[in-house]
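Given next are the chains, with one letter for each unit.
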Amino acid sequence: MNEAQAAHASANRKVALVVGGFLILVFFGLQMTAPGLRITFRAPLTASSPGEVYFWLGHALLLFPASCLLGYGFGPLLGPQLVRLRGAINSLSRRELVLGLLALFLLAVAVARVGRSTFLYDFPFTDDEYAAQYGGHIMASGRAKALLTLPELALPSHGLYLKDNYVATGDWPGGQAVWAIGELTRLGPLVWALLAAIPVVTLAVLMRRRLDAGWGAAAAVVFLCSPMALMLSMTSHAHLAARAMLAVALAGYWFAEQRRSLPLWTLTGLALGLGFLCRPLEIIFYSVPLLVWAVVQSVRRAPGYSRAPLGLVLGGLLPVLLMLAYAYAVTGDPLIPPRLSHPSADDLAAVTLWYRFGANMGYNTFMLAIWFLGPLGIILVAAGVMTDSFTRLLGLGVATDLSLALFHTNMGLHAVGPIHYSECAVPLTIIAVHGLANLLRGARRHLFDPLPIASAVTVALTLGLGIFNLTHALALREQASVQSAIYGWIDRNVYVPDGRKAVVLAQQFGATWFHIPGMAQIGTWVFEWRRPLLDLSDDVLILHDRPGTEELLRAKFPDRRFYRILVLAQAPHLVLVPLNGGPPVPWLQ
């Protein structure tokens, strides 16, 4: 490059920096518009607030191009640093790589655990999490279901399974088992953070073997920067466990093929089986291409697949038997788990296939495009999906997983990404990293400098998606404040000088927060009160206020003080009334 060309390139980079900075300012300036950038959490499932739509459009049309321009502008500084970093990672010894993986795992655990504490205030963000935690308490006691010790109408029962005076959680057993492990080991929510970190390390190991250690580190960064991966990691949803097990299964699948190892095929089957215990339908639909391919290649006597069917069956058999045993213990029928024991409220015959395609499959495809990596993810996945037979299988698995949406009408939340397809973040990361490698390789082949591309992608991941992640995490904190404020108000005012415990009678939690104007505007996907402990030892039991329940509960808890939360249409909206005497306490926030 001669002097004139260098000066021209330098001027272009300066213009790119100015325009990129301007576009970022424009994004934040959208807060002053009528929709603003405020993200809210309200039904129906496929609804998005105007601020949320502006936020998504602002990321796609402003932050992403701004990040690319800034990456190009900082290319001469950032590009060589990336080259040196990759070289340094690739030169690490085996011992240093192991220590690096350990550090990466601990970092991912810290991000998930601190994120949950900081942005969710350690509250669940859906009723499913509360229900799974309740099921974990039951499992930790060595049972699949527990004797119902409260009047059925008084128990906050959303997500629970009630039959013959017994109660269980109406969800799959995997998430409950995780909570049971957390209770028995006293790790509590930390066990979910450990699960959240497994895909980070697994992807790094897999991509190191498929490409090199530098690309393994890149895979970890891509996964951690993905909004759908990062936001879910802060929760205690069963999808976290399923995602972790799918990551192990995909790595095991590839290593088993390369090493022709029966134990690795068995490990793969076990991981898929454990994921099946958490999210059976999603895991089955995603695994179909992988399983069919393994069987076909085994029949064709292809190298690496001769023991695949045997290993997959051996590994997956125990989890399947556990699922059958759990269903039998709860419902009395091994083929009908509690999750499927009640007919769906949505009659599939009443909605057309086109409706399910658009409102469910199309909606979740749209959400994946937004939430994986946004426009960057679309580019990288398109560039990487056809790399080899493994990436093609991964992409086909995402497609078959999405096809599940044609058979039901539960679209799922998108508060932490398309939650029914949370596991797809793992295969999409593998494909995306290959896509980036292909783009850089293609640039070199056509005599283009790959460093500006690498720099643009780096800035898009860290700055563009960093703003996306921080903005949405703050929105999650705002919805968590609904629970924090209401429970804090109750705990502050249910004060008993003599140490007597209390029972608070209330309407459903959703009916409570919905009558507080500010909270109704924010919204939350939690509509039920926290569940009581199995032994009912809670200092404050919050139970439903239904006709006749007060008398039954007073007879059961003669030593407790009783309170009632009155919901009013006008200010103060909530009033806590001591039923044993004392002044009522109005909601003052």
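Before reading on, note that the structure itself is shown above.
So, how was this worked out
- Residues numbered from 1 in each chain as written.
- Predicted model: local features only at pLDDT ≥ 70, side-chain atom pairs only at ≥ 80, totals over all residues.
- Heavy atoms only, no water.
- Pairing = 2+ DSSP bridges.
- Helix = DSSP H or I, 4+ residues; strand = E, 2+ residues; numbered from the N terminus.
- Contact = heavy atoms within 4.5 Å.
- Axes fitted to C-alpha atoms, helices over the stretch in contact; angles between N-to-C directions.
- Parallel < 35°, antiparallel > 145°, perpendicular 65-115°, else oblique.
- Nonpolar A, V, L, I, M, F, W, Y, C, P; charged D, E, K, R; others polar.
- Patch = residues over 30% accessible without salt bridge, like charges linked within 9 Å, V, L, I, M, F, W, Y side chains within 5 Å.
- Areas by Shrake-Rupley, 256 points an atom, 1.4 Å probe, with all protein chains shown as cover.
- Salt bridge = Lys/Arg side-chain N within 4 Å of Asp/Glu carboxyl O.
- Lys, Arg positive; Asp, Glu negative; His and termini not counted.
- Charge placed at Lys NZ, Arg CZ, Asp CG, Glu CD.
- Buried < 20%, exposed > 50% of the residue type's maximum accessible area, 1.4 Å probe, protein only.
- Phe/Tyr/Trp six-rings, centres within 6.5 Å; stacked < 30°, edge-to-face > 60°.
- Lys NZ or Arg CZ within 6 Å of the ring centre and 35° of its normal.
- Polar contact = N/O pair within 3.5 Å; in protein donor to acceptor, adjacent residues only side chain to side chain.

Draft legend 1. Here's a closer look at the sheet that holds strand S7 (residues 574-578). Strand order in the open sheet formed by 5 strands is S5-S4-S6-S7-S8, with mixed pairing between adjacent strands. The sheet terminates laterally at strand S5 (540-544) and strand S8 (585-586), the two strands that pair on one side only. Examined bridge by bridge, strand S6 (residues 561-567) and S7 share 5 bridges and lie antiparallel to one another. Opposite isoleucine 565, over in S7, you have leucine 576 as the bridge partner. Sitting on the sheet, helix H21 (residues 549-556) touches strand S4 (502-506), S5 and S6, and the angle it makes with S6 is about 155 degrees.

Draft legend 2. Layout of the sheet that holds strand S1 (residues 146-147). Here 3 strands make up an open sheet; going across it, the order is S1-S3-S2 and the pairing antiparallel. Only two strands of the sheet have a single neighbouring strand rather than two, namely S1 and strand S2 (160-163).

Draft legend 3. Seen up close, the packing of helix H14 (residues 353-371) against helix H16 (residues 389-403). Interhelical geometry of H14 versus H16 gives an angle of 140 degrees and a closest axis separation of 9 Å. The angle between H14 and H16 falls in the class oblique. On H16, the residues that touch Met361, Asn364, Thr365 and Leu368 of H14 are Val398, Leu402 and Ser403. The residue inventory of the contact of H14 with H16, partitioned by class, reads 4 nonpolar, 3 polar and no charged.

Draft legend 4. Representation of the side chain of serine 233 in the model. Here serine 233 is to be found in helix H9 (residues 227-233). Setting aside residues no more than four positions away along its own chain, serine 233 makes contact with Ala112, Ala196, Leu240 and Arg243.

Draft legend 5. Representation of a positive patch on the surface in the model. A cluster of basic residues, Arg94, Arg208, Arg209 and Arg259, forms a positive patch at the surface. Relative to the elements of secondary structure, arginine 208 occurs in helix H7 (residues 190-210). A relative accessible area of 33% means that arginine 208 is categorised as partly exposed.

Draft legend 6. Structural view of unusual backbone geometry. Proline 44 follows alanine 43 through a cis peptide bond whose omega is 0 degrees. Inspection of the secondary structure puts proline 44 in the loop between helix H1 (3-29) and helix H2 (50-73). The peptide bond linking alanine 571 to proline 572 adopts the cis configuration, its omega dihedral lying at 10 degrees. In the Ramachandran plot, aspartate 122 falls in the positive-phi region, its phi being about 65 degrees despite a non-glycine side chain. With respect to the helices, strands and loops of the structure, aspartate 122 is situated in the loop between helix H4 (94-119) and helix H5 (127-140).

Draft legend 7. Summary view of the pairing of S2. Sheet topology places S2 next to strand S3 (residues 166-169); 4 bridges connect them, and they run antiparallel. Looking across to S3, one finds that tyrosine 161 is bridged to alanine 168. Between the end of S2 and the start of S3, which pair antiparallel, lie 2 residues, with aspartate 164 showing a positive phi angle near 55 degrees.

Draft legend 8. Looking closely at the packing of aromatic side chains. Evaluation of the coordinates by the stated rule reveals 18 aromatic pairs. Judged by centre distance (5.1 Å) and plane angle (80 degrees), the rings of tyrosine 253 and tryptophan 265 are edge-to-face. Here tyrosine 253, found in helix H10 (residues 238-259), pairs with tryptophan 265, found in helix H11 (residues 262-278); they are 12 residues apart in sequence, far enough to count as distant. What makes tyrosine 253 buried here is its relative accessible area of 2%. Ring geometry for tryptophan 371 against phenylalanine 468: centres 5.4 Å apart, planes inclined by 80 degrees, an arrangement best described as edge-to-face. Remark: phenylalanine 468 occurs in helix H18 (residues 451-493) and tryptophan 371 occurs in helix H14; sequence separation between them is 97 residues. Neither tryptophan 371 nor phenylalanine 468 differs from the other in exposure class; each is buried. Ring-pair connections join several aromatic residues into one group, and the members of that group are Phe27, Phe28, Phe55, Trp371 and Phe468. The lysine or arginine in question, lysine 145, covers the ring of tyrosine 166, its NZ or CZ lying 4.9 Å from the ring centre.

Draft legend 9. Molecular detail of a nonpolar patch on the surface. A contiguous nonpolar surface patch, about 610 Å² in accessible area, is contributed by Leu317, Val320, Leu321, Leu324, Leu335, Ile336 and Leu340. Relative to the helices and strands, leucine 324 is located in helix H13 (residues 308-331). By relative accessible area, which is 30% here, leucine 324 ends up partly exposed.

Draft legend 10. How the structure looks around the side chain of arginine 210. Mapped onto the elements, arginine 210 comes out in helix H7. Judged by its relative accessible area of 14%, arginine 210 is buried. A distance of 2.5 Å separates the side chain of arginine 210 from the side chain of aspartate 388, its partner in a polar contact. Other than its neighbours up to four places away in sequence, arginine 210 contacts Trp254, Asp388, Phe390, Thr391 and His434.

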